[in-house]
Amino acid sequence: MRGMKEMTYQHSESTRIVLRSLVRVICPPEAAPIADDIVAHMALTIGASPAVLQKLIGTGLTTYDLGALPRYGKRARSLSDAQAEAYYVSWEHGLTPLHVQFARAINQLMSLSCYEQPLMMEAVGFRPGPWIDEVRAKRLRVFAADVARQEAQVLAPDPLRPSKPEAR
Amino acid sequence: MVAARQALHEGTRPSGVITRHDIHGDLVVDADVLVIGSGAGGATVAAELAEAGYDVVVLEEGSYYQTRDFTADTSGMVRQLYRDGGATMALGNPPILYQEGRAVGGSTVINGGMSWRTPDKILARWEKEAGLHGIAKDLEAHFARVERRINVAPMDAEAIGTDNHLLKQGADALGWNIIGNLRNQNHCVGSNRCAFGCPTGAKQSSLVSYIPRALHYGARIFADVKVKRIMRHGKRATGAIGTVNGTPHHVTVRAKLVCLSAGAIHTPALLARSGFRTPSGQLGHNLSMHPNVKVVAIFDQPVTNWKGAHQAFQVREFQDQGLVFAAIGMPPSVLAMSFPHRGRQLGELMSRYDNMMLAGMLCEDTRTGRVRSVNGKPQAFYQLADEDAANLKRGVSLLSELLFAAGAKQILLPFHGAKDLHSADDARALLKANTPTRGWEVVTVHMMGTARMGADRSAAVTDAHGMVHDADRLMIADASLFPTPIGVNPMETIMALATRGAAHVIDNARRLLS
Ligand SMILES: Cc1cc2nc3c(=O)[nH]c(=O)nc-3n(C[C@H](O)[C@H](O)[C@H](O)COP(=O)(O)OP(=O)(O)OC[C@H]3O[C@@H](n4cnc5c(N)ncnc54)[C@H](O)[C@@H]3O)c2cc1C
Ligand code: SF4
C-alpha cells in the first residue's frame, strides 16, 4: 500500500466545488471538458503535501469562496465567468501578500494538475511512455554485455579493508 | 548470505528487504550496526560494513521501489518518491522550496546523477578552516572506489538531447568553458526521467548499486520505518525505535554502533529529539543550500526537452565565482506550474512547450541557515544573503546571454513581475532592473552542513570521521557533515565521506563494535 497520504486526504464537497469553479479561470479553455479530472488530480497532490499546507489550502479556499459575498452578493463558486475572472484578479494582485500567495499557490497546483492530464500532455506533444519503452528496450538490446558487467561489478567482492573484522 | 539481484530484473522483492506488509506486530532486532536512512550516505556505509562481515540493519522511512515501478506518471512518482510531495520549504525572504527523496535509496533515486569529486579548493578550505588535515589525500582512494561502484562515466554522445546541444552551442559561441557531465550511469539512453526514478536502470543510484550490494552481503533493510528516537545509555547510542508507517507497530533495533544518515534536514532534528547535545552547540546550524534559480528559453525550432540525457553538460566558466549552469528537461506540468500565466495565456504559452528549454544554476552560497525543531518536526530557516542574491541575478543575466547566443527568442525569468527578455541586450540590462527578492522563485536540492565535521569539538558536531563529539558509538554519514558548501553536486562527496567513515569503523572495530 503505497502513497499513504494520498488515501487519507479527500476534498470536502465545498473545496471541490470552489476548485471546480476556478478551472475556467486558471486552466486554458480547452481544459474545460476535463475540469473534474483536474480537480480530482489536485486531491492527490494536496494529499501528498504537508498537513499544515493541506489545512492552509482548505482555509484559504473557504475564505476565497466567502470573500466574494460583500462584493457580489454571492459566493465565488456561483460567480459568472466575468465576475470569477475579476474576483481572482483582485486576489492575484491582492490586498495583502497572503492574498497574492494564495492565488499563486492555487494557480500552481491547478496548472500542474491540468498539464498532468493525458489530453493536455498530448496537446503539447509530450508522450513519455512510448519514449521510455523505446530507449529502455534499446539499452537492453544494444548494451546488454555492459549492463551485465555492471550488474556483476555491483556484487563482486572488493573489501574496503583486507583484514577480517576484529570484533567478530 | 542473502542473494540480491539488480532491481531492474527483480520479479519480486529481494529477500533482506522488509516492508510494512511483512510486519504484523512490534519487533525487536539485534545488529552490530544500525544505519538510519538509506540514501547516498546510509546505503554506502551499509554496503561497506556488510561486506566487512558485520551484521547491518538499515531503517528507512520511505518505501522500497524497483526500476519497474518508475513510470511516465510524473506526479505519481513525485508523490511516492519525494518527501511531502516535494513541497518542503525553508522559511526566509524569499522562501526556498527544497526537495528530498524519501525511499529506499534516498535522494539518489530522484537525483540527476551528476557525480563530481569535491573541488580541491574546497578540500583545502576544509583542511584549513575545519582542521581536517590530510582529508584531500585521504579521500582520493575513496573517490576512486565510489566511482567504480556507481560507474561514474561520461555520457554516450547519442544520448544527448537538443536542449543540451543548445547549451553547448551558446557556451561555445561565447567562448565559455563548458564540460561534459560525469554521471553515475551505465549507458544512459536519455529518457530524461532522472528526477522521477530512472525507468531504464541506467542511473546507478544507491537503489541499484549500494543497496543490492548491502543485501548481497547480508544486510537487512526495513523500509517504511520512520525512526522516532535514537536510544541511548548516557552518552552511548544503543539503537533506535521507529514506527511502521500506517500501522501502530514499532521496530526497535539494538545495535553496537548507530550511524545516522537521514540527510541534512532530518539528521540534526533526530539527534536533538533523542537528547544528544554536542559541546559546540552547532547541531542544526550551518545549513548551506546551493540556492538555484531557473529560466525558460523559447526557441523557434523544436527542442523537445524531455528527450535526451538529463544535464549532459555543465557550464563551468563562472565556477570560481560560485556559479555553475546546466540544462534541465522537465515535463509540461512542472513548467506550467512555474509560470504565473493562467487561462488562455497559459494555453498559448504552453502550446510552445516543444520549443522550450529550461536552464538553471547552482550558487555556492556564502550565508548559512538553520534547522530547528518546530512541534517535533524539522523546519529549515534560510535567509538568502544579499551577495548571493546579486550573484544569482548576475547568473540569470549571463545564462540568458548564453541562451540568446544559442538562438533563443524569448526568456521567461524566475522573478515575479519581471518582463520577459528578448535579446542579449535585455539580458545585460537585467542587472540594473529592480527585482525585489521576495518575488523570486528559488529552489534547491542540495542541503548540507547541519552537523559539520571538524577537529575542534567546540566548533564542530562530529570529528573528522563523522563520530559525534561527546557521544559514544554514534556516527553520521550524510550531507550534514560538510563544513562548507562545495559548489558542485554533492552526492559523490557524501559517498566518499561515508566510505571513509566505514573504513574508520572497521579500523576501530575493537572499540566501536565489541
Ligand atoms: C531532485 C534532486 C536532484 C539532485 N541531483 C543531484 C545530482 O545530479 N548530483 C548530485 O551530486 N546530487 C544531486 N542531488 C543531491 C543528492 O542526491 C543529495 O545531496 C544526497 O542524496 C544526500 O544524501 P544523504 O545521505 O545526505 O541523504 P538522502 O540521500 O536524502 O537520504 C536520506 C534518507 O533518510 C531517510 N530518513 C530521513 N529521516 C528518517 C527517519 N526519521 N527514519 C528513517 N529514515 C529517515 C529519508 O527517507 C532518505 O531516504 C539531487 C537531489 C535531488 C532531490
Ligand atoms: S536520462 Fe538516463 S539516467 Fe536519467 S532516467 Fe533517463 S536513462 Fe536514466
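Now for a look at the structure at hand. (Residues numbered from 1 in each chain as written. Chains lettered and ligands numbered in written order. Predicted model: local features only at pLDDT ≥ 70, side-chain atom pairs only at ≥ 80, totals over all residues. Heavy atoms only, no water.)

**Details of the pairing of strand E13 (residues 292-298) of chain B**
Residue and element names in this part refer to chain B.
- Burial runs high along E13: 6 of the 7 residues are buried.
- By the bridge criterion, 7 bridges tie E13 to strand E16 (residues 356-363) in an arrangement that is antiparallel. From the neighbouring strand, Asn292 faces E16, where its bridge partner is Leu362.
- The sheet contact formed by E13 and strand E19 (residues 410-412) spans 3 bridges and is antiparallel. The partner of Val296 across the bridge, within E19, is Leu412. (Buried < 20%, exposed > 50% of the residue type's maximum accessible area, 1.4 Å probe, protein only. Helix = DSSP H or I, 4+ residues; strand = E, 2+ residues; numbered from the N terminus. Pairing = 2+ DSSP bridges.)

**Quick look at helix H3 (residues 120-130) of chain B**
All names here are of chain B.
- By the burial criterion, the buried members of H3 are Ile122, Leu123, Trp126 and Ala130. The buried side chains of H3 occupy one side of the element, clustering within an arc of 100 degrees when seen end-on. Turned more than 90 degrees from where H3 packs its buried face, Asp120 and Lys128 sit exposed.
- Those residues of H3 that are buried lie in contact with helix H4 (135-149) and helix H12 (491-507).
- Taken from the residues just after H3, Gly131 is the one with a positive phi, measuring 70 degrees. (Arc of directions from axis to C-beta. Contact = heavy atoms within 4.5 Å.)

**Examining the interface of chain A and chain B**
- Facing the 61 residues of chain A at the interface are 85 residues of chain B.
- A combined buried area of about 6100 Å² lies between chain A and chain B, and 55% of that area is made up of carbon and sulfur atoms.
- Taken together, the connections running from chain A to chain B amount to 7 salt bridges.
- Two residues, Asp158 of chain A and Arg149 of chain B, come together in a salt bridge whose shortest N-O distance is 2.7 Å.
- At the junction of chain A with chain B, the criterion picks out 31 residue pairs in polar contact (both at pLDDT 80 or more).
- The element contributing the most residues to the side of chain A that touches chain B is helix H9 (residues 128-142) of chain A, with 9 residues.
- In terms of residue class, the side of chain A that touches chain B is made up of 33 nonpolar, 10 polar and 18 charged. (Buried area = accessible area lost by both parts, 1.4 Å probe. Salt bridge = Lys/Arg side-chain N within 4 Å of Asp/Glu carboxyl O. Polar contact = N/O pair within 3.5 Å; in protein donor to acceptor, adjacent residues only side chain to side chain. Nonpolar A, V, L, I, M, F, W, Y, C, P; charged D, E, K, R; others polar.)

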